[in-house]
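# Geometric and topological summary
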Amino acid sequence: MSDHEVAPVLRIKGRVLVGPDEVRDGLWAVGGRITYERPPGADDALTLTGWVLPGLVDAHCHVGLGHQGPVDAATSEKQALTDREAGTLLIRDAGSPSDTRWVDDREDLPKIIRAGRHIARTRRYIRNFAHEIEPGDLVAYVAQEARRGDGWVKLVGDWIDRDAGDLTACWPRAEVEAAIAEAHRLGARVTAHCFAEDALRDLVEAGIDCIEHATGLTEDTIPLFAERGVAIVPTLVNIATFPDLAAGGEARFPRWSAHMRRLHADRYDTVRAAYDAGIPVFTGTDAGGSLAHGLIADEVAELVKAGIPPLDALSATAWGARRWLGRPVLEEGAPADLVMYDEDPRADVRVLASPRAVVLNGRVMG
């Protein structure tokens, strides 16, 4: 069957987790869309059985990015397929130098919400990943990426300052305020990479919508995030690499190395404190660059390890994450993007590591 042929009628039997506390007995997929009414042709439908979640969300992922920068379409396709096999059917691509618009024409690949290319300070990020600019150009580049993306823009809020020998904020407050205001004027939300503490207050008070990693949250800034409703995507599977990064930089940047180790040691307490304060928390793996794709189940398990209740950790990759990104869940007429499991994932999130079936646009994948 080609990508554009009509999907067959599917019957999904079992327990459909429409929401955290709403369970229905089965659904149908007709023409690639969900219905709860028995359709014509039901007698010939392919039947699948299991526990059903909406397609999982990786809200910090990089399709088209490798450890040295942009990658070719074949590599991008492999990345997207790896995520799909793990049950990730919706990706917020949090910065990529590659043009992946061709993915939108492929009904067998996850749906992507793009943030354009990272915007970083000159020589203050990984080489070949970002637009590297000075503060005077920030508004113009944010406007450019807001127009090129799918409703998001990605800033690099802090990075190692070689002169200071540690993580420092990348942007002056006035330029950040103007840039975020311009993104909002153009209908885009703004997120920022932030490992450390220093940049957070200025970014939040300037109106930012989300912070990636957020390891630098403190007792002073957590209430501010909660008051403003600023979400975080902790990427704990990425934060697990901090000790190795610190060891590699120990000789040249000892202050930075010690700082990275502290942020790593406090990571679970930081995420739990954010959750307890009412800050929205969503799942992201930071796949691409140096991290493998297909790790969404590991990230959900990490949120649980940090102390987030399993049902809320599931919502961070399912119902809650989709609503945050403005995408449907398992509702009448929605695209039939769903993942099936042998057991109830609410009882044990480790079930996510072994999908029984992946259905994308009403068709069974792989």
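For the structure, check the block above.
Just so we're clear, the structure is a prediction, and the values are computed from it rather than from any experiment. (Residues numbered from 1 in each chain as written. Predicted model: local features only at pLDDT ≥ 70, side-chain atom pairs only at ≥ 80, totals over all residues. Heavy atoms only, no water.)

### Notes on the overall build of the protein chain
A tally of helices and strands in the protein chain yields 12 helices and 20 strands. Its C-alpha atoms give the protein chain a radius of gyration of 21 Å, within 12% of the compact-globule value 21 Å for 366 residues. Its C-alpha atoms put the protein chain at 70 × 40 × 35 Å along the principal axes. Out of the 366 residues in the protein chain, the part that is buried amounts to 57%. Of the contacts formed within the protein chain by residues at least 6 apart in sequence, a portion of 66% connects residues at least 24 apart. Accessible surface, the protein chain: about 14,900 Å² in total, of which carbon and sulfur atoms supply 47%. Charge separation in the protein chain, taken as the distance between the mean sites of 41 positive and 57 negative side-chain charges, equals 1 Å. (Helix = DSSP H or I, 4+ residues; strand = E, 2+ residues; numbered from the N terminus. Rg over C-alpha atoms; globule rule 2.2 N^0.38 Å. Buried < 20%, exposed > 50% of the residue type's maximum accessible area, 1.4 Å probe, protein only. Contact = heavy atoms within 4.5 Å. Areas by Shrake-Rupley, 256 points an atom, 1.4 Å probe, with all protein chains shown as cover. Lys, Arg positive; Asp, Glu negative; His and termini not counted. Charge placed at Lys NZ, Arg CZ, Asp CG, Glu CD.)

### Considerations on empty space enclosed by the protein
Under the counting rule described, the total for this entry stands at one cavity of 30 Å³ or more. Lining of the largest cavity is provided by G157, A169, C170, W171, V176, A199, D202 and L203. A per-class count over the lining of the largest cavity returns six nonpolar, one polar and one charged. (1 Å grid on protein atoms, 1.4 Å probe; cavity = no way out; pocket = protein on both sides within 12 Å on 5 of 7 lines; lining within 4 Å. Points joined across faces, edges and corners; volume = space filled by probe spheres on them. Nonpolar A, V, L, I, M, F, W, Y, C, P; charged D, E, K, R; others polar.)

### A closer look at the sheet that holds strand 4 (residues 46-54)
Here we have seven strands laid out as an open sheet, ordered 3-2-1-4-18-19-20, and mixed in their pairing. Lying at the two open borders of the sheet, with one neighbouring strand each, are strand 3 (33-35) and strand 20 (363-364). Pairing analysis gives three bridges linking strand 2 (residues 22-30) to strand 3, with the strands arranged antiparallel. For V30, the partnering residue across the bridge sits in strand 3 and is R33. (Pairing = 2+ DSSP bridges.)

### What to know about the pairing of strand 4
As judged from the seven bridges shared by strand 1 (residues 10-19) and strand 4, these two strands associate in the parallel manner. By the bridge assignment, V16 is partnered in strand 4 with V52. Judged from the four bridges that link them, strand 4 and strand 18 (residues 338-341) form a sheet pairing that is antiparallel. From the neighbouring strand, V52 faces strand 18, where its bridge partner is M340.

### Side note on the layout of surface pockets
If a probe the size of a water molecule is rolled over the atoms, the empty space left behind becomes visible. Its volume calculated, the largest pocket comes out at about 720 Å³. Lining the largest pocket are 31 residues, with I126, W159, F195, L245 and S290 positioned closest to its centre. It is helix 7 (residues 242-249) that contributes the most residues to the lining of the largest pocket, four residues altogether. Residue classes in the lining of the largest pocket are distributed as 13 nonpolar, 13 polar and five charged.

### Re the nonpolar core
I208, I211 and F225 are the most contacted members of the largest nonpolar core, which totals 80 residues. If you look at the next biggest cluster of nonpolar residues, it comprises 17 residues, including L10, I12, V16 and M340. (Core = buried A, V, L, I, M, F, W, Y, C linked by side-chain atoms within 4.5 Å.)

### Examining the pattern of salt bridges
In total, this model carries 23 salt bridges according to the counting rule given. Among the ionic pairs, R201 bridges to E205, the shortest N-O distance being 3.1 Å. Taken together, the residues R201 and E205, both in helix 4 (residues 200-205) and four residues apart, mark about one turn of the helix. With a relative accessible area of 34%, R201 lands in the partly exposed category. When the shortest N-O distance is used, the salt bridge between R350 and D348 registers 3.0 Å. Several salt bridges converge on common partners, so that one network encompasses R173, E177, R201, D202 and E205. (Salt bridge = Lys/Arg side-chain N within 4 Å of Asp/Glu carboxyl O.)

### What about helix 10 (residues 296-305)?
All buried positions along helix 10 are accounted for by I296, A297, E299, V300, E302 and L303. Residues of helix 10 that are buried sit in contact with strand 5 (56-66), strand 7 (88-93), helix 6 (236-239), helix 9 (267-276) and helix 11 (310-315).

### Here's the deal with the environment of F282
Tracing the sequence through the fold places F282 in the loop between helix 9 and strand 17 (287-289). Spatially, the C-alpha atoms of F282 and N238 are 14 Å apart, while their sequence positions differ by 44 residues. Once you skip the residues sitting within four places of it in the chain, F282 turns out to touch A231, I232, V233, P234, A316, G320, A321 and W324.

It is worth stressing that arrangement in space is one thing and function is another; only the former is reported here.
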